[in-house]
Amino acid sequence: MNPLIIDTQNMTNHLSPVIVALDFADEKQTLQFVRQLSPELCQIKIGKELFTATGRHLVEQLVNQGFKVFLDLKYHDIPNTVASACKIAAQMGVWMVDMHASGGQRMMEAAAEAVSQFQQRPYLIGVTVLTSLTQTDLAQTGVDRSIDEQVMHLARLSQQSGLDGVVCSAQEAVILRDQLGKEFLLVTPGIRLNSKSEDDQRRIMTPKDALAAGSSYLVMGRPITRSADPVLLLQQINLGMI
Ligand code: C5P
């Protein structure tokens, strides 16, 4: 059988590990791209750019189309404000929402408490150390630990505070998976199909390697959105071919 002819029937029982980052500036471009996708092929992520441009209307539209939506707004505020925002995200039917773990234990606990009443609550994910930060950047914020130590510290705090997982680089996934157990979600951006296409990402891994390293979900933007055939690419990743 031609390996490029994909048996999509086999894929419908499994949740795809791919979360496609919809890093578009407006609704028209987004919907044009999303038209070719389906909830069986991938989950989708709406970040600050698209959300600021379109608001909850587009989130709800995509939720209503059956997509699992990761609302990537990286909340960081006082406990009551973050808890209230997470509650509204849950009411909108969002599948996953994130917050900076450096907002503290009480903030994360308040968020976990706020969504616990929902029958289908969103996953709560902590952001540890932004992958754009260098050791010097971190030191400038007053943190003297190494980046790795700070990532582990904040991941543990996220877990203790009742969050479901963290965003981390695939390189960090091995140690986090080992230390935090198999149920804790590791959501990893910085995924590339080969080492020559890193764009502005630095610590990259292929989909197959990232999943082998312990990633639960792969956040992928440009490798999918700029692909000549995003659907074929997603099918190949879902089947573990690349
Ligand atoms: O195009 P690319 O695959 O690099 O997109 C990665 C997506 O993951 C972007 O939406 C980016 O904002 C997000 N992200 C990231 N690094 C993090 C957290 C989120 O690249 N640490």
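As the structure is a computational prediction, the values presented were derived from the model and not from experiment.

Draft legend 1. View of the pairing of strand 1 (residues 18-21). Side chains Val18 and Val20 project from strand 1 onto one buried face, and the interleaved Ile19 and Ala21 project onto a second face that is buried too. Alignment of strand 1 against strand 8 (residues 217-220), held across 3 bridges, turns out to be parallel. In the sheet register, Val20 faces strand 8, and the bridge partner there is Met220. Where strand 1 and strand 2 (residues 43-47) come together, 3 bridges link them in parallel fashion. Each residue of the ladder has a partner; that of Val20, found in strand 2, is Ile44. With respect to chirality, the unit in which strand 1 leads through helix 1 (residues 27-34) into the neighbouring parallel strand 2 is right-handed.

Draft legend 2. Spatial organisation of a nonpolar patch on the surface. Together, Leu193, Leu239, Met241 and Ile242 line one region of the surface with nonpolar side chains, adding up to about 280 Å² of accessible area. Tracing the backbone through its elements, the reader meets Leu239 in the segment after helix 11 (230-238).

Draft legend 3. Region of the structure containing helix 11. Burial in helix 11 covers these residues: Pro230, Leu233, Leu234, Gln235, Gln236 and Ile237. Two residues or fewer past helix 11, Gly240 is found with a positive phi of approximately 75°.

Draft legend 4. Spotlight on the nonpolar core. Membership of the largest hydrophobic core comes to 66 residues, with the highest contact counts inside it found for Leu62 and Met99. Residues within four places of Leu62 in sequence aside, it is in contact with Leu22, Leu31, Val34, Ile44, Ile46, Phe67 and Val69.

Calculation criteria
- Residues numbered from 1 in each chain as written.
- Predicted model: local features only at pLDDT ≥ 70, side-chain atom pairs only at ≥ 80, totals over all residues.
- Heavy atoms only, no water.
- Buried < 20%, exposed > 50% of the residue type's maximum accessible area, 1.4 Å probe, protein only.
- Helix = DSSP H or I, 4+ residues; strand = E, 2+ residues; numbered from the N terminus.
- Pairing = 2+ DSSP bridges.
- Right-handed = clockwise from strand over helix to strand, strands pointing away.
- Patch = residues over 30% accessible without salt bridge, like charges linked within 9 Å, V, L, I, M, F, W, Y side chains within 5 Å.
- Areas by Shrake-Rupley, 256 points an atom, 1.4 Å probe, with all protein chains shown as cover.
- Salt bridge = Lys/Arg side-chain N within 4 Å of Asp/Glu carboxyl O.
- Core = buried A, V, L, I, M, F, W, Y, C linked by side-chain atoms within 4.5 Å.
- Contact = heavy atoms within 4.5 Å.

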